[in-house]
Amino acid sequence: MSHTPGIRQAQKLKTRQALLDAALTLLEEKSLSSLGLREVTRAVGVAPTAFYRHFDGVAALGVALVEEALGSLHGMIGAILADTGNSEERLDRSVVLIARHVAEQPAHFRFIAREQHGGVGPVREAIAAQLRAFTEEVALAIATEPESAGWDRQDLLMLGGLYVDHMVLTASALLDAAGPEDEREVVRTARRRLRLVTLGRAHWLDS
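Residues numbered from 1 in each chain as written. Predicted model: local features only at pLDDT ≥ 70, side-chain atom pairs only at ≥ 80, totals over all residues. Heavy atoms only, no water.

(A) The environment of Val 187, seen in detail. Along the chain, Val 187 falls in helix H9 (residues 180-202). On the basis of relative accessible area, Val 187 is assigned to the buried category, the value being 15%. As a C-alpha pair, Val 187 and Ala 171 span 16 residues in sequence and 9.8 Å in three-dimensional space. (Helix = DSSP H or I, 4+ residues; strand = E, 2+ residues; numbered from the N terminus. Buried < 20%, exposed > 50% of the residue type's maximum accessible area, 1.4 Å probe, protein only.)

Structure representation (structure tokens):
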């Protein structure tokens, strides 16, 4: 009997993940605003009432998908930015990281790309909050670099935002790539654009 609560919790987590996975599959063909919870529960094989044991509604499920898609990237990008090497090398590694994540989780990134400006307010806000968090993390990391001497917080956030916007654009371009050669071209272009930003950064404080 002592193991029963643990078994129940494991089953609850398994059902919650099944709902997220089913929703993500259904969202390959439609937007979140047109997704019904009965579709999701039918795909999982549970009663509609079971949905509310895990999520308050479809919007809450969408927010959970945002966290699932972007949450794990925080630690990875932070580790790259804190790594040794010059800023250009670290930014190159961040491009490789984004490319790998898009290749491994295309459905998650398609969901983010579609819903970033979609019709479900809480999901839009969740995506914006994640991107703001990324911007803060990047700004904090680049503030420690010698090239950032004399920069104020607003300029650091502006540069961090440029890098994050570039990350989002690169992910979207990779999703639209027609094949491996297109993907390689997206990565090449992403690196060239980052080098252009790096050159501009070096002269930002020039009088």
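(B) Main features of helix H5 (residues 87-104). For H5, with 18 residues, the first-to-last C-alpha span of 26 Å sits near the 26 Å given by 1.5 Å per residue. Buried within H5 are the following residues: Ser 87, Arg 90, Leu 91, Asp 92, Ser 94, Val 95, Leu 97, Ile 98, Ala 99, His 101 and Val 102. (Expected span 1.5 Å × (residues − 1).)

(C) How the structure looks around a nonpolar patch on the surface. Together, Met 158, Leu 162, Trp 204 and Leu 205 make up a nonpolar patch on the protein surface, roughly 390 Å² of accessible area in all. Counting through the fold element by element, Trp 204 comes out in the segment after H9. Taking relative accessible area as the criterion, Trp 204 reaches 44% and is therefore assigned partly exposed. (Patch = residues over 30% accessible without salt bridge, like charges linked within 9 Å, V, L, I, M, F, W, Y side chains within 5 Å. Areas by Shrake-Rupley, 256 points an atom, 1.4 Å probe, with all protein chains shown as cover. Salt bridge = Lys/Arg side-chain N within 4 Å of Asp/Glu carboxyl O.)

(D) Broad picture of the environment of Met 158. By the element assignment, Met 158 lies in helix H8 (residues 153-176). For the pair Met 158 and Val 197, spaced 39 residues apart in sequence, the C-alpha to C-alpha distance is 12 Å.

(E) Local environment of the packing of helix H6 (residues 106-115) against H8. Taken N-terminus to C-terminus, the directions of H6 and H8 make an angle of 120 degrees; their axes are 10 Å apart at the nearest point. As judged from the angle between their axes, H6 and H8 are oblique. With respect to the hand of their crossing, H6 and H8 are arranged in left-handed fashion. Residues Pro 106, Phe 109, Arg 110 and Ala 113 of H6 lie in contact with H8, whose contacting residues are Ala 171, Ser 172 and Leu 175. A per-class count over the contact of H6 with H8 returns five nonpolar, one polar and one charged. (Axes fitted to C-alpha atoms, helices over the stretch in contact; angles between N-to-C directions. Parallel < 35°, antiparallel > 145°, perpendicular 65-115°, else oblique. Left-handed = near helix turned anticlockwise from the far one by under 90°. Contact = heavy atoms within 4.5 Å. Nonpolar A, V, L, I, M, F, W, Y, C, P; charged D, E, K, R; others polar.)

(F) Highlighting the pattern of salt bridges. Taken as a whole and assessed by the stated rule, the structure comprises ten salt bridges. A salt bridge links Glu 181 to Arg 188; the shortest N-O distance between them is 2.9 Å. The partner of Glu 185 in a salt bridge is Arg 188, and the shortest N-O contact between them spans 2.8 Å. With Glu 185 and Arg 188 both in helix H9 and three residues apart, the pair spans about one turn of that helix. You can call Arg 188 partly exposed: its relative accessible area is 38%. Each of the salt bridges in this network shares a partner with another, and the network as a whole consists of Glu 181, Arg 184, Glu 185 and Arg 188.

(G) Main features of the packing of H6 against helix H7 (residues 121-143). Axis separation between H6 and H7 bottoms out at 10 Å; the angle between their running directions is 110 degrees. One way to sum up the angle between H6 and H7 is to call them roughly perpendicular. Residue-level inspection shows Phe 111, Ile 112 and Glu 115 of H6 in contact with H7, the latter providing Val 123, Arg 124 and Ile 127. Within the contact of H6 with H7, the residues separate by chemical class into four nonpolar, no polar and two charged.

(H) Spatial organisation of the packing of aromatic side chains. Under the counting rule described, the total for this entry stands at three aromatic pairs. With a centroid separation of 5.6 Å and 50 degrees between ring planes, the pair formed by Phe 51 and Phe 55 is classed as tilted. The class for Phe 51 is buried, based on a relative accessible area of 0%. According to the relative accessible area criterion, Phe 55 is buried, its value standing at 3%. Ring geometry for Trp 151 versus Trp 204: centroids 6.4 Å apart, planes at 40 degrees, classification tilted. With a gap of 53 residues between them, Trp 151 in the loop between H7 and H8 and Trp 204 in the segment after H9 connect regions that are remote in the sequence. Put simply, the rings of Phe 51, Tyr 52 and Phe 55 pair up and form one aromatic cluster. (Phe/Tyr/Trp six-rings, centres within 6.5 Å; stacked < 30°, edge-to-face > 60°.)

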